[in-house]
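Coordinate analysis (summary)
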Amino acid sequence: MRKILCLWFVIVFITIAQNKSINQRVDSVLQLMTLEEKIGQMNQYNDDWKATGPVTVDNDKASQVRNGQLGSLLNCLGTERTRSWQTIAMQSRLKIPLLFGQDVIHGYKTTFPIPLAEACSWDLEAIELSARIAATEASAGGIHWTFAPMVDIARDPRWGRVMEGAGEDPYLGSMIATARVRGFQGKTLGAVNSVMACAKHFAAYGAAIGGRDYNSVDMSDRLLWEVYLPPFKAAVDAGIATFMNSFNDINGVPATGNSYLQRDILKGAWKFEGFVVSDWGSIGEMINHGNVKNGYEAALSAVTAGSDMDMESRNYKNHLTQLVTAKKVPMTLIDDAVRRILRKKFELGLFDDPFKYCNAEREQQELNNPDHANSAREIAAKSIVLLKNDNHLLPLSKKTKTIAFIGPLVMPLKQNKGFWDIELPGVDSNFIVSQWEGVKNKIGAGSTLLYAKGCEIEGNNKEGFPEAVKTAAKADVVILSIGERRDMSGEAKSRSDISIPGVQEELLQALLATGKPVIVLMNAGRPLVFNYTADNAPAILYTWWLGSEAGNAIADVLFGDYTPSAKLPITFPRSIGQIPIYYSHFNTGRPAHNDNNHNYNSSYTDLSIYPKYEFGYGLSYTTFQYSNLHLSKKTMARNDTIEVSVTIANTGTYAGEEIVQLYLRDKVGSIVRPVKELKDFKKIKLLPGESNTIQFIIDDEKLSFYNQQLHWGAEPGDFDIMIGASSEDIRFQESFELIQ
Ligand code: BGC
C-alpha cells in the first residue's frame, strides 16, 4: 500500500512539474509575442489542396505563415506537404510550429466502418483500436490533430451526419466517445503515434429541426443536459485536447457565439483546459444567423463566448486587433486563447521538434502495415447487423455450388469507404476489398460465383432486370447488394426520403419471384426505410459502409467465419412519419398499448407506433438463453450498491457474442422519467453449450438525473430494472427501492 502511495505521489509530482514547465514555457513564448502574432495563433486556414467547405482564396498563405499570422492548417496531408509548410513556419520570427488538423473520421489510409456502424459493435476495445490505428497512420502522415470523435446524439435519420456519430443514446454514446478519445490520443499526447482528438460539434448539432443539416435547434435545458451533453462531458473526462463548436443556433443563440455552452459549461463547470476551434466559417456565419451585423461583431461575439481558434472565416484575422485596441476585447482573453493553443503545441512536442511527425520512412511503414487491415476486417465484421435470418438461411456453406451475387454495390471499391474517406496523394483504391472479391476469395474451388448488376443505385432503368433474373435462376442462392450511394449520407446530405433509392427494391421483388432464397446486403450511412425488403427477403445483413476491408468482413459473416453480434445503436423507423423515434421516450399521460386502439391515446391512426427495428436489436447465428436474474438486495440506501447477476448460456450451435443490456426506469420522479434508459451493457463471448454469469453494479450514479433545477442526483423511490437482448426484448424485469 505504501509503495502504491509513494508511486502515486511521484506520478502526481512529475505531472505537476511537467505542467509547470510547460506553463512556464508557454508564458515565456507569450511574452515575446506581438498582438498580431497572438491573433495569428488563433487562425486556422484550409490548405489550397482540398476543401471540406466553402473556400476563401488568398494567395499569400505562405507569407502569412512566414509573418507568424497563422496557427494551424487543415486538409494538409502527407509528410512532404506538412514538412514544406512547417519549414515556412520555421522562417517566422518566433518559429512557432503550425498544427495540422484533418478530418480523420473513420480511418486515414486504412478505412474503418463509418462511426455509426462501429457503434453497432458495442465493442469498446475494438472501437478504441480502430481510433488508435487511425491515429497511428495519420500521425505518420504528418497530422497532429483529428476533428473527431463526432459525439453528437442523433435521433433523426434524415440528417446525413447521423453516420458520423454513435447513435441515439447518451450512455452508449458516452462510452464510445471515451473509447475514441483514448484511441486517438493514446497513452499520452506527444507520443509520436498520438493525435489530438476533438469533440464535436458543441452542441446539440444532431437535433437540427427536420433533420436538415445546419438547421436551428430548439431544446429544453433538461434535454440538453440529459441527452446531448453527456458524450461531450465523457470526452472531457477522458482528457480530450480540443473541442469544435457547431453551426447551429440553439434556442436562438449560435453555438459559436454561445457563452453558456463554451464559457459557463465547458470551460467553467467542466474545467476544460484545451482549446475550442470554430466549425468551418461558423464565426462569419453568425451574420447569416442574424445575431450580429458584420464580421467585427461576429469576431467579438465568438471570442467573448470562448471560441479560441477561427477555422477559415478570417474574422479574427480581420477584426481582433481593432477589437483589442478599442478595448472591446481584453488582452487577457486573447492571452487565454493563445495560451490554450500554445500549450497543446508544447504537449505535442512541436516546439522541441517541429518535424517530429514528418518522417517519410515511418509514413511508408505505417501506411503499409498489414496488421491494420486485419484489425479493420475484424471491426467491420463486428459492425454488421443481422436483421433477419428466416429458416437459418445464413450462414452459407462454402461448398454452395452456385451463388449469384447481384446488385449495384457488388463491384465498386470506393463506395465501401463511406463519406469521410481520405484520398491520399499517390495512393489508389486497389487496396480496398470489394464485396465481390471478398466473397470470391472465400468460396471453395468447387463453387461458382455469378454476377449481374441488375440496376443502378438511382434511376428508373430496369434494363438489367432480365439478366439478373436469368443469373439468379442458375444459382442455388442469391446475394443482393443494394442501398444508398456512400455520399448520400454525410455532411450536407440530409434527405427527406430515406427509402431505398431507385428501382432496387423492385429488383429484389423480381429476384424473389424466381423462388430462389435471396440474402440482402443493405449498404447505407443511415437507417433506411425498407419495409418491402424487411417483410419479404428471408435474410438481411445491414452492412452500412464497412471500409477498406468491407468485402472480406461481409464474406466472413456470410459464410460463418464470424457469427454476427452487432446490435443497433439507433432506432430504425418503419416510416418517415415516425421520426423522431427513440426508445427512451416518456410514457405520456395517454400511452398507447398497441396499434389497434386509437381511443384518445398517443398513437397514429394511420401508422404503427412501433419501430421497424428497435434500439439494441440484432440477431446471431446462435441463440442465447438468459436465466437466474439475481439482485443482491431489493432496497438500497444512498451511497450503497446493488449487485445484479444474470446467467447467459449459448444454446445454439455456433460460438458467438451476446450484448447483454441493462435498462432502468425511475417509476416516479419529481419530473417525468423515460420508460427505460440504458445504464450498462456487457458483451460476452460463449462457445456452444457454454454459459457465464455476469455482474452489473447499480449505484447512485446510475439512478441519478437532472431535476427541474438541473441538479444531478437520485431520488428515493421505486425503480424497475430490465435485462434484455434489446430495448424491446427484455428477458427479466425486477423492482427495487432506493431509500433515503
Ligand atoms: C464540418 C466539421 C469538419 C470541418 C473541417 C465542417 O464543415 O462540420 O465536422 O471537421 O468542416 O473539415
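Residues numbered from 1 in each chain as written. Predicted model: local features only at pLDDT ≥ 70, side-chain atom pairs only at ≥ 80, totals over all residues. Heavy atoms only, no water.

Some details on the overall build of the chain
Summing up its helical and strand segments, the chain has 22 helices and 26 strands in all. On C-alpha atoms alone, the chain measures out to a radius of gyration of 27 Å, which is about the 27 Å that the 2.2 N^0.38 rule sets for 740 residues. Oriented by its inertia axes, the alpha-carbon framework of the chain measures out at about 75 × 65 × 60 Å. Expressed as a percentage of its 740 residues, the buried residues of the chain come to 60%. Residue pairs at least 24 apart in sequence account for 79% of intrachain contacts in the chain once pairs closer than 6 positions are excluded. Accessible surface computed for the chain: about 28200 Å², of which carbon and sulfur atoms make up 50%. (Helix = DSSP H or I, 4+ residues; strand = E, 2+ residues; numbered from the N terminus. Rg over C-alpha atoms; globule rule 2.2 N^0.38 Å. Buried < 20%, exposed > 50% of the residue type's maximum accessible area, 1.4 Å probe, protein only. Contact = heavy atoms within 4.5 Å. Areas by Shrake-Rupley, 256 points an atom, 1.4 Å probe, with all protein chains shown as cover.)

Considering the site of the ligand
Around the ligand, a shell composed of 13 residues is seen, among which Thr52, Asp103, His201, Asp279 and Glu491 lie nearest. Within the contact set of the ligand, an oxygen atom lies 2.8 Å away from a side-chain nitrogen or oxygen of Lys200. Here Glu491 contributes a side-chain N or O atom positioned 2.7 Å from an oxygen atom of the ligand. If the ligand stood free it would expose 310 Å²; the protein chains cover 99% of that surface. (Near = heavy atom within 4 Å. Polar contact = N/O pair within 3.5 Å; in protein donor to acceptor, adjacent residues only side chain to side chain.)

Focus: the domain arrangement of the chain
As assigned here, the chain comprises domain 1 (33-98 + 247-368), domain 2 (380-565) and domain 3 (624-739). Relative placement of domain 1 and domain 3: their C-alpha centres are 44 Å apart. (Domains from an automatic or database assignment.)

Notes on helix H21 (residues 550-558)
The element H21 is extensively covered by neighbouring structure, given that nine of its nine residues are classed as buried. What H21 keeps buried is the set Ala550, Gly551, Asn552, Ala553, Ile554, Ala555, Asp556, Val557 and Leu558. Considering only its buried residues, H21 is in contact with helix H16 (370-383), helix H17 (435-442), strand E14 (477-483), strand E15 (518-523) and strand E16 (539-542). Gly560 occupies a position one or two residues after H21 and carries a positive phi of about 80°.

Quick word on the pairing of strand E1 (residues 43-46)
Where burial is concerned, the two faces of E1 agree: the one with Asn43 and Tyr45 and the one with Gln44 and Asn46 are both buried. Judged from the two bridges that link them, E1 and strand E10 (residues 310-311) form a sheet pairing that is parallel. Pairing of Asn43 across the sheet is with Asp310, part of E10. Sheet topology places E1 next to strand E2 (residues 72-74); three bridges connect them, and they run parallel. Within E2, the residue paired with Asn46 across the bridge is Leu74. On the question of chirality, the crossover connecting E1 to the parallel E2 by way of helix H3 (residues 61-66) is right-handed. (Pairing = 2+ DSSP bridges. Right-handed = clockwise from strand over helix to strand, strands pointing away.)

Considering the pattern of salt bridges
Following the criterion strictly, the structure yields 44 salt bridges and no others. Arg93 is paired through a salt bridge with Glu37; the nearest N and O atoms lie 2.8 Å apart. With Arg93 in the loop between helix H4 (78-89) and strand E3 (99-102) and Glu37 in helix H2 (residues 35-41), this pair connects stretches of sequence that are 56 residues apart. Taking relative accessible area as the criterion, Arg93 reaches 53% and is therefore assigned exposed. (Salt bridge = Lys/Arg side-chain N within 4 Å of Asp/Glu carboxyl O.)

Things to note about helix H12 (residues 295-305)
Turning to H12, its buried residues number three or more, namely Gly295, Ala298, Ala299, Ser301, Ala302, Val303 and Ala305. If you follow the buried residues of H12, they end up packed against helix H10 (259-269), helix H11 (286-289), helix H13 (315-325) and helix H14 (331-347). Immediately downstream of H12, the backbone of Gly306 shows phi near 110°, a positive value.

Describing the sheet that holds strand E12 (residues 402-406)
Across the sheet, which stays open at both edges, the six strands sit in the order E11-E16-E15-E14-E12-E13 with mixed pairing between neighbours. At either margin of the open sheet sits one strand with a lone partner, and together these are strand E11 (385-389) and strand E13 (448-452). Direction aside, the axes of adjacent strands within the sheet are offset by 20° on average. Bridge count between E11 and E16: four bridges; the pairing is antiparallel. In the sheet register, Asn389 faces E16, and the bridge partner there is Ala539. Contacting E14, E15 and E16, H21 crosses the sheet at an angle of about 145° to E15. (Axes fitted to C-alpha atoms, helices over the stretch in contact; angles between N-to-C directions.)

A word on unusual backbone geometry
The residue after Phe202, namely Ala203, is reached through a cis peptide bond having omega 5°. Along the chain, Ala203 turns up in the loop between strand E5 (198-202) and helix H8 (221-228). Cis geometry is adopted by the peptide bond preceding Pro395, which originates at Leu394 and carries an omega value of 0°.

Thoughts on the sheet that holds strand E25 (residues 717-724)
Strand order across the open sheet formed by five strands is E18-E26-E25-E20-E21, with mixed pairing between neighbours. Edge positions in the sheet fall to strand E18 (635-637) and strand E21 (677-686), since each of these pairs with one other strand and no more. Recorded for the sheet is a direction-independent mean angle of 25° between the axes of neighbouring strands. The pairing of strand E20 (residues 656-666) with E25 spans six bridges and is antiparallel. Directly across from Leu662, in E25, lies its bridge partner Ile723.

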